Amino acid sequence: MDTLTSQNIKTQKPPVAGSVLGIIMVIIVEMMFFGGLISAFILAKSGKVEWPPAGQPRLPFFITFTNMLVLLASAYTMLLYLKDLSKDMLTVKFLKMTILLGAIFYIVQAYEWVRILIFGMHTGRGLFTSFFYTLIALHGLHVLIGLLLLIWVFKIVKNQQLDKQQSFGLTVGLFWFFVVALWPVLYYLIYLD
Amino acid sequence: MNTHKKQGFWHRFFFSLDHKDIGFQYMLTIFVMVAIGGFFAYVFRMHLAFPDMKVPLFGLVTNKDYNMLITNHGLIMMMWLALGMLLAVAGNFLIPIMIGTDDMAFPKLNKISYWFFLISVILMIASFFMPKGGLGGGWTLYPPLSTGDFGYNTPYKGFADRFFTANTFVLLAIVFEFTSLLMGGINFFVTTLNKRAKGMSLFKMPVVVWMINIASVLFMFSVGPLVAGTFMLLLDINVGTGFYDAYRGGDPLLWEHLFWFFGHPEVYVILLPPLGILAEIISNNSRKPLFGYKFIIKMTLLAGILSMMVWAHHQFVAGINPKAATVFSILTIIISLPFAGIILAYIATLWYGKIRFTLPMKWALGAITLFTLLGGFTGLHLGASVFDIYAHDTSFVVAHFHYTLFPTVIFGTYAAMYFWFNKFTGRHLNKTLGNIHFWLTFIFFNGFAFPLFLLGLAGQHRRIADYRQFEFLMQDPLPLYRHIATISAVILILTQFIFIFNFFWSLKKGKRVESNNPWDSNTLEWQTSSPPPHGNFETYPVVHHGPYEYNMPGKDKDFTPQNEA
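Residues numbered from 1 in each chain as written. Chains lettered and ligands numbered in written order. Predicted model: local features only at pLDDT ≥ 70, side-chain atom pairs only at ≥ 80, totals over all residues. Heavy atoms only, no water.

1. Brief notes about the overall build of chain A
Just so we agree on the cut-off: Only DSSP runs of H or I covering at least 4 residues are called helices, and only runs of E covering at least 2 are called strands; the numbering of each starts at the N terminus. For every residue, the accessible area obtained with a 1.4 Å probe (protein chains only) is divided by the maximum for its type, and the residue is called buried under 20%, exposed over 50%, and partly exposed between those limits. Contact criterion: two residues are considered in contact whenever any of their non-hydrogen atoms come within 4.5 Å of each other. The accessible surface values rely on the Shrake-Rupley method and a 1.4 Å probe; as for residues, cover is taken only from the protein chains in view.
Helix and strand counts for chain A stand at six helices and zero strands. Out of the 193 residues in chain A, the part that is buried amounts to 47%. Of the contacts made within chain A by residues no fewer than 6 positions apart, 83% connect residues no fewer than 24 positions apart. Accessible area of chain A: about 9,800 Å², with a carbon and sulfur share of 70%.

2. Regarding the packing of helix α3 (residues 61–86) of chain A against helix α6 (residues 162–192) of chain A
Residues and elements named next belong to chain A. Which entries qualify depends on this criterion: To obtain an axis, a line is fitted to C-alpha atoms, over the contacting stretch when the element is a helix, and the angle between two such axes runs from 0 to 180 degrees between their N-to-C directions. For this classification, under 35 degrees means roughly parallel, over 145 means roughly antiparallel, 65 to 115 means roughly perpendicular, and everything else is oblique. We call a crossing left-handed when the near helix sits turned anticlockwise from the far one by less than a right angle, and right-handed when that turn is clockwise.
Two elements in contact, α3 and α6, have axes separated by 10 Å at closest approach and are oriented at 160°. One way to sum up the angle between α3 and α6 is to call them roughly antiparallel. The element α3 and its partner α6 pack so that their crossing is left-handed.

3. Observations concerning the environment of B:Leu374
Here B:Leu374 is to be found in helix α11 (residues 359–383). Sequence-distant contacts of B:Leu374, defined by excluding residues within four places in its chain, comprise B:Thr369, B:Tyr403, B:Asn446, B:Phe450 and B:Phe453.

4. A look at empty space enclosed by the protein
All names here are of chain B. Let me state the cut-off plainly: Cavities and pockets are found on a 1 Å grid laid over the protein atoms alone: a cavity is a set of points where a 1.4 Å probe fits but cannot escape, a pocket is an open set with protein on both sides within 12 Å along at least five of seven lines, and a lining residue has an atom within 4 Å of such a point. Grid points are joined across faces, edges and corners, and a volume is the space filled by probe spheres set on the points. Amino acid classes used here: Ala, Val, Leu, Ile, Met, Phe, Trp, Tyr, Cys and Pro are nonpolar; Asp, Glu, Lys and Arg are charged; the rest, including Gly, are polar.
On inspection of all chains with the given rule, the structure shows two cavities of 30 Å³ or more. Its volume calculated, the largest cavity comes out at about 40 Å³. Every residue lining the largest cavity is listed: Tyr26, Leu87, Ala88, Asn92, Ser180, Leu181, Gly184, Gly185 and Phe188. Mapped by element, the contributors of at least two residues to the lining of the largest cavity are α3 (63–98) and α6 (166–194). Counting residues per element, the lining of the largest cavity draws most heavily on α6, which supplies five residues. Each residue belonging to the lining of the largest cavity can be placed in one class, and the counts come to five nonpolar, four polar and no charged. Approximately 30 Å³ is the volume found for the second largest cavity. Along the walls of the second largest cavity sit Leu275, Leu278, Ile343, Ala367, Ile368, Phe371 and Thr408, which together make up its complete lining. Of all the secondary structure elements, the ones that give two or more residues to the lining of the second largest cavity are α8 (252–286) and α11. With three residues, the single largest contributor to the lining of the second largest cavity is α11. For the lining of the second largest cavity, a count of residues per class yields six nonpolar, one polar and no charged.

5. Here we look at the side chain of B:Asn92
Residue and element names in this part refer to chain B. Among the structural elements, asparagine 92 can be located in helix α3. The exposure class of asparagine 92 is buried, given its relative accessible area of 1%. Here asparagine 92 is in contact with His19, Ile22, Gly23, Tyr26, Leu87, Met104, Asn110 and Phe188, once residues within four sequence places are set aside.

Listed below in structure tokens is the structure:
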């Protein structure tokens, strides 16, 4: 009978890395979290005759749309980075590009937000602004967390073995995909619909 | 890993990464919370039976005090005792060792989850001492009650004024606690999938591991909307967004939906781990294989899915569409079927078993009896909207609720404690004290909760502090029922001190275990030393058998350890 000791129990490799499973669970929770917010938003909208209410500043449709394309491009570079990783290639070129595109999205978004604030769209003036700021701020927070994670991966991967790199990269990549995929939904609901 | 040197107190209780130590930290923290929640229950029960009385250790209970006591009793018992004890404590103690591994998949995350839990406890306790007193909006936190003095339309008075209120602190505590439980749940799930011992296939895992994992996943699927709702409520209070403010176009009913979308799956999150604990204890003490292992798992999964579709049965009187109410009634009654199936499987396990009436078995049988006969059955009635509308705001609901939660949470926890205490400490709990504890708890729990059914049917309102304006509530025999309920509740609370004494006394002075496997059990935790070393096993087990192979033909003993070749 073969016995397992504390040494070789560590070397058993699971089919899916623990951190990847963990981030999938986190994404499920996040989806339900935003699901709750978005359904509240849709319900609030559906009861109103005029939406968005009169007297609100016009939202910047076009800049935000361009910005959305930037964010989607960052998901594509992330994909390329993960593809390289799965082929055991250690390039950080695409990771750098992802961080750059994400940062551009974030800065433009923050700039737009400040501009809208200056135009006089405050919370406390009704549901529209409340939902607008809550949803945008929460998504912004997630982008920020995603960017920090990406930078963390960028710093940490160089000193790790390849399999660690792959699971780290995939973990953060999945979170980034979630953050990116969320934005078109929010864009449609807030800016267009 | 097996060089387990003795750890100092500080190290063990503040910095240890071992799952058993973290489980112990959770347990002690929860003991503190239960003491507070129990004390609150004592005060308002005394007030209900004897209005205008100066309650010993508290004083006169004003209406405001009453609201605060009942709110915080509910919050503490639901969020910190039930969820904490059955997810965090049970999961931490049992999962790694039962699946035959050394620790959680992410020990550091586990430690962080405990720290978050501790922060939530501190925030919760701090909320009692806010300048305007504790929160009195009901444990369901319905706005506008839960927005407190910042009723909508009050002018914005500055951030500190709004932040340092019980409302903000309680909501923050809830967010912290759920974050903690989420980290724990992710840990349980990943540990179970990735770190099982060699040969431990999914259907060789003990049912309790299944149940805690299903409960964790259910928790993850349901908690998001509540956290979103809590976030919106925090913004309403602190920033003045008005999501729940009808005057500004918001909808107070929205909170009820978000809350109960979590709230109903939550009761199954609470129910499943004790059901798993009962499966272990009943099979072990009937010396028979568990009846319908896969059937139980399937029924649990079915119940988990259904539980996401029944939440509005909490809102039958909140003004929801009567047609929707009918749908929710039907779904609610359907959800009792899987649970009836599970309970029947347990009873079938008892059938023709060689039953040993050990202490954990007594708690387990007590739990099944009370939960099924009175908790589950009255739930069927309340699930039908026609009856619910009559009984909803009466103490009938309180009795139903306590008959479902008390047998599962409290009896289930005690069953687990009397079963596994000797494994994790190496000493037995005292049996005589245990028996006294069981019988007194069983009798006085019924003495406390059963009169509430009768009171509720007679029209005793469950939310008001002073009912004396209703003359029909002052006629015989209703005062007698209230006195029985209150005196029983007080004795019930006092009885728990027997356990607390037993627990801490046995920890130091209890009888040492003679063998590692005093219950002749199959599962892996009994195949290592008591208490298990840091890392759980000297050599890691290889699993060859299912968890419930008792009295198998052709064996010289009536149990077959899972790792026996």
